[in-house]
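Residues per chain, in single letters:
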Amino acid sequence: MSFKLDNPKSNLKNVTHAFFLSLAITIAEPSTILPLMIHHFSESMVVVGLFASLLRGGSVVIQLYVAFHAQAYKRVLPYLSRVFFFRWLSWFGIGASIYFIGDSNKPLTLFLIGLGLFFFSFMAGFGAIYFKELQAKLFTKAYRGKTMANRQIAGSIASIISGGIAGYVLQHYQAPQNYAYLFMVSSVLMGVGFLAFATIDEPSKVNVATKEKKFSTFLQNATAILKKDKRLQRQILAVFLSFSYFLAMPFVILNANNSFTLTGWMLGGFISVQMIGSILGSMFLWRKISDYELMLTLSFVFMIVAFVVALFAETIYSYALIFLLFGMALDGFSIAGMNLVIEIAPEDKRPIYTALQTNISSLGLFFPIVGGSILKFGGSYELIYVLSIVLLGFGLLVAKGLR
């Protein structure tokens, strides 16, 4: 059977992957459960910030090297399947380390959690290049926006379900065993999503770049592309500044815990509300917008409003509004960032453009360490909220200038 562009079967597998992956990883959402889990093993705000960075930041160090090889691949799915396996193994390992070691040796448990989060994120550095390459090969611009919005909706529905399950487990089982159960059970669900995507029909790439003999030569060529392409430079700056929400987001839930006693049901409820925000954003905004510069701009606005509300939040209802806005903004950032780089990249240079944008902008994933350090050395929650608003404001200005 010949390959079919915009194939509904490819869309179904794409969406199925998103559903089961979200069903699994929502239990380590860096705005809710992850900070509280890490805080159980360490009261240091810097450690909380470090682990929030590890969940996403491990991918930063590898993507240019992956792109160096990927530019010469006609097919990337076989390599992505290996990535899926090692990500699944890392996730299950986190749950196993909490279950078998847990409070008996907190420093060792923290180390193993950190190791698992790093490798889970590190392998995502491979996966991000391959995944974006596949999205560009499988779908046209118009259809890709729809299938990515469908992914977000499916993922959000799964996350609402996951939030309810997480709330039940956290309410009825004691820490840290409740975290262990969540990770180990969710690894099974993650495997289902990985298997669905691994069976997708991938065409051979026609315009394949000739790979440089040395990685150093590749880096020189990539640097030359970055210096030459002013639009790419501005876009990278905008996406980098979009990550400034991470300066404060992991600590919002800890501040909420100071305002009122968080129960397992409340925590699960906040997760579900955030995902409802994601669904509302995807259904009524992101599915209808193919102007990705506008999408990025609106996402900045929603995130700024969320932190303005956080400055005055004292009740469960105000925090619910914050998480609703988080859900809307995060999906917009995700969809816009991926599609913007696909749109401006020549086909043969797509992995290089993707790696350049992701590698440089993803340095923003280490903002939680800065936020944790500010809190550790006497700063207030209000201070990191204001700093996030200021940086997001700069990002909004840069995004409005993208054309």
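For the structure, see preceding data.
Remember, predicted model here, so these are calculated numbers, not experimental data. (Residues numbered from 1 in each chain as written. Predicted model: local features only at pLDDT ≥ 70, side-chain atom pairs only at ≥ 80, totals over all residues. Heavy atoms only, no water.)

**Re the overall build of the protein chain**
So, step 1. Looking only at helices and strands, the protein chain has 17 helices and zero strands in total.
So, step 2. Taken over the C-alpha trace, the protein chain has a radius of gyration of 20 Å; the compact-globule value for 403 residues is 22 Å, and the two agree within 12%.
So, step 3. Based on the C-alpha atoms only, the size of the protein chain along its principal axes is roughly 55 × 45 × 40 Å.
So, step 4. Of all 403 residues assigned to the protein chain, the portion counted as buried reaches 59%.
So, step 5. Considering only residue pairs separated by 6 or more positions, the protein chain has 87% of its internal contacts joining residues 24 or more positions apart.
So, step 6. About 16200 Å² of surface is accessible on the protein chain, with carbon and sulfur atoms providing 67% of the total. (Helix = DSSP H or I, 4+ residues; strand = E, 2+ residues; numbered from the N terminus. Rg over C-alpha atoms; globule rule 2.2 N^0.38 Å. Buried < 20%, exposed > 50% of the residue type's maximum accessible area, 1.4 Å probe, protein only. Contact = heavy atoms within 4.5 Å. Areas by Shrake-Rupley, 256 points an atom, 1.4 Å probe, with all protein chains shown as cover.)

**Some remarks on the pattern of salt bridges**
So, step 1. All chains considered together, the criterion is met by five salt bridges.
So, step 2. A salt bridge links Glu 202 to Lys 137; the shortest N-O distance between them is 2.8 Å. Of this pair, Glu 202 sits in the loop between helix H8 (177–198) and helix H9 (215–228) while Lys 137 sits in helix H6 (residues 106–138), placing them 65 residues apart in sequence.
So, step 3. A relative accessible area of 7% means that Glu 202 is categorised as buried.
So, step 4. Across the salt bridge formed by Glu 343 and Arg 144, the nearest N and O atoms sit 2.6 Å from each other. (Salt bridge = Lys/Arg side-chain N within 4 Å of Asp/Glu carboxyl O.)

**With respect to the nonpolar core**
So, step 1. Grouped together as the largest cluster of nonpolar side chains are 126 residues, with contacts concentrated most on Met 303 and Phe 307.
So, step 2. Here this core takes 15 residues from helix H14 (residues 316–344), the largest share from any one element.
So, step 3. When residues no more than four places from it in sequence are discounted, the contact partners of Met 303 are Tyr 245, Met 249, Phe 326, Ala 329, Leu 330, Phe 333 and Leu 392. (Core = buried A, V, L, I, M, F, W, Y, C linked by side-chain atoms within 4.5 Å.)

**A short note on the environment of Leu 262**
So, step 1. Its location among the elements puts Leu 262 in the loop between helix H11 (249–259) and helix H12 (264–286).
So, step 2. In this structure, the C-alpha to C-alpha distance between Leu 262 and Ser 44, residues 218 residues apart in sequence, is 19 Å.
So, step 3. Ignoring anything within four residues of it in the chain, the contact list for Leu 262 reads Leu 36, Ile 253, Asn 257 and Phe 270.

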